[in-house]
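# Secondary and tertiary structure notes
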Amino acid sequence: MSITIKSAADAEGMRVAGRLASEVLDMLTAHVKPGITTDDLDRLAHRHIVEVQGAVPAPLNYAPPGYTPYPKSICTSINHQVCHGIPNDRPLKNGDIVNIDVTVIKDGWHGDTSRMYVVGEGSIAAKRLCQLTYEAMWRGIAKVRPGVRLGDIGHAIQTFTERQGYSVVREFCGHGIGRKFHEEPQVLHYGRPGTLEELVPGMVFTIEPMVNAGRREIKELGDGWTIVTKDRSLSAQWEHTVLVTESGYEVLTVSAGSPPPPELQAA
Ligand code: MF3
Ligand code: CO
Ligand code: CO
């Protein structure tokens, strides 16, 4: 398989899926409070996707080679969990940070997006990590236009992140997306300028940096999915699905509740 190029009609399908995924995060925002469990959030998201949106939660029973089927409809990754956290019956507590990652399938097209949520009052350090990771994602997105290479995106994210003393997770990356959840290419969040695939209009991929407050090393828990930082430092992630246009980019995972892009100072 190679990189699929989306037509204008395909892009319209992905725009709809992207908006729906983002609207699930909008809907969940008011519910992310101390005392709610991630199972509750999963249930709310599942119902909204199936009953309100007439869509399908892509994670449910998703089973890439070497993995057991994913048991829930969203991923919820708390504090030192990096990604792929499985919702459970443990209540969120004041000061937790949680990534909620939503992927919906609508009319065969996937939309994939995640945001960080601070539960109640977060520490300065936790809020700073979330904000910096958001800016890291946007520094990657801002690079996207025809002629640029994937290494330019990774480089922008890595240099910004490491300059602040944080680290970028290497083992997981963004990905092409469309009729399939994970397509080519891999979108690394680190790299060298001028290397790897050249972007052309009609490519659609995610940018989803995972940033650790401590060291970049990770490990997988015994559940076969949850990834945590080895040093138990806090980790944050944001994700958008992005279309390469003739003149630059279009973020497809946007909705009324999307946080605004940050103002980017020269790197
Ligand atoms: N949404 C994740 C991503 O951004 C993938 C989750 S796979 C799952 O690529 F099975 F854990 F849902
Ligand atoms: Co993704
Ligand atoms: Co995702």
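Residues numbered from 1 in each chain as written. Chains lettered and ligands numbered in written order. Predicted model: local features only at pLDDT ≥ 70, side-chain atom pairs only at ≥ 80, totals over all residues. Heavy atoms only, no water.

## Details of the site of ligand 1
Residues in close proximity to ligand 1 total 14 residues, the closest being Pro 59, His 175, His 182, Glu 208 and Glu 239. A distance of 2.7 Å separates an oxygen atom of ligand 1 from a polar side-chain atom of His 182. Separating an oxygen atom of ligand 1 from a side-chain N or O atom of Glu 239 is a distance of 2.9 Å. Calculation on ligand 1 without its partners gives an accessible area of 340 Å², and the protein chains cover 96% of this total. Taken together, the residues that form the shell around ligand 1 break down as six nonpolar, four polar and four charged. (Near = heavy atom within 4 Å. Polar contact = N/O pair within 3.5 Å; in protein donor to acceptor, adjacent residues only side chain to side chain. Areas by Shrake-Rupley, 256 points an atom, 1.4 Å probe, with all protein chains shown as cover. Nonpolar A, V, L, I, M, F, W, Y, C, P; charged D, E, K, R; others polar.)

## Observations concerning the packing of helix 3 (residues 124-141) against helix 4 (residues 150-163)
At a closest axis distance of 8 Å, the pairing of helix 3 and helix 4 adopts a crossing angle of 155°. Viewed along their axes, helix 3 and helix 4 adopt a mutual orientation that is roughly antiparallel. In this structure, the crossing between helix 3 and helix 4 has a hand that is right-handed. Across the interface between the two elements, Leu 132, Glu 135, Ala 136, Arg 139 and Gly 140 from helix 3 touch Ile 153, Ala 156, Ile 157, Phe 160 and Thr 161 from helix 4. For the contact of helix 3 with helix 4, the class distribution of residues is six nonpolar, two polar and two charged. (Axes fitted to C-alpha atoms, helices over the stretch in contact; angles between N-to-C directions. Helix = DSSP H or I, 4+ residues; strand = E, 2+ residues; numbered from the N terminus. Parallel < 35°, antiparallel > 145°, perpendicular 65-115°, else oblique. Left-handed = near helix turned anticlockwise from the far one by under 90°. Contact = heavy atoms within 4.5 Å.)

## Side note on the coordination of the cobalt ion (ligand 2)
Geometry reference: four tetrahedral donors at a metal, ideal angle 109.5 degrees. Six octahedral donors, ideal angles 90 or 180 degrees. Here the cobalt ion (ligand 2) is held by the protein donor atoms Asp 112 (OD), His 175 (NE2), Glu 208 (OE) and Glu 239 (OE), which lie 2.0 to 2.2 Å from it. Taken together, the six donor atoms coordinating the cobalt ion (ligand 2) and their angles of 51 to 161° define a geometry best described as irregular. In primary-sequence terms, the residues that donate to the cobalt ion (ligand 2) follow D-x62-H-x32-E-x30-E. The distance between the cobalt ion (ligand 2) and the cobalt ion (ligand 3) comes to 3.3 Å, and Asp 112 binds to both of them. Note that Asp 112 is positioned in strand 5 (residues 109-118) and His 175 in strand 7 (residues 174-176), a separation of 63 residues in sequence. Classification of Asp 112 as buried rests on a relative accessible area of 2%. Residue class for His 175 comes out buried when judged on its relative accessible area of 6%. (Donors = N, O, S within 2.8 Å, 3.2 Å for Na, K, Ca; no water. Tetrahedral: all angles 85-135°; square planar, octahedral: opposite > 155°, others 65-115°. Buried < 20%, exposed > 50% of the residue type's maximum accessible area, 1.4 Å probe, protein only.)

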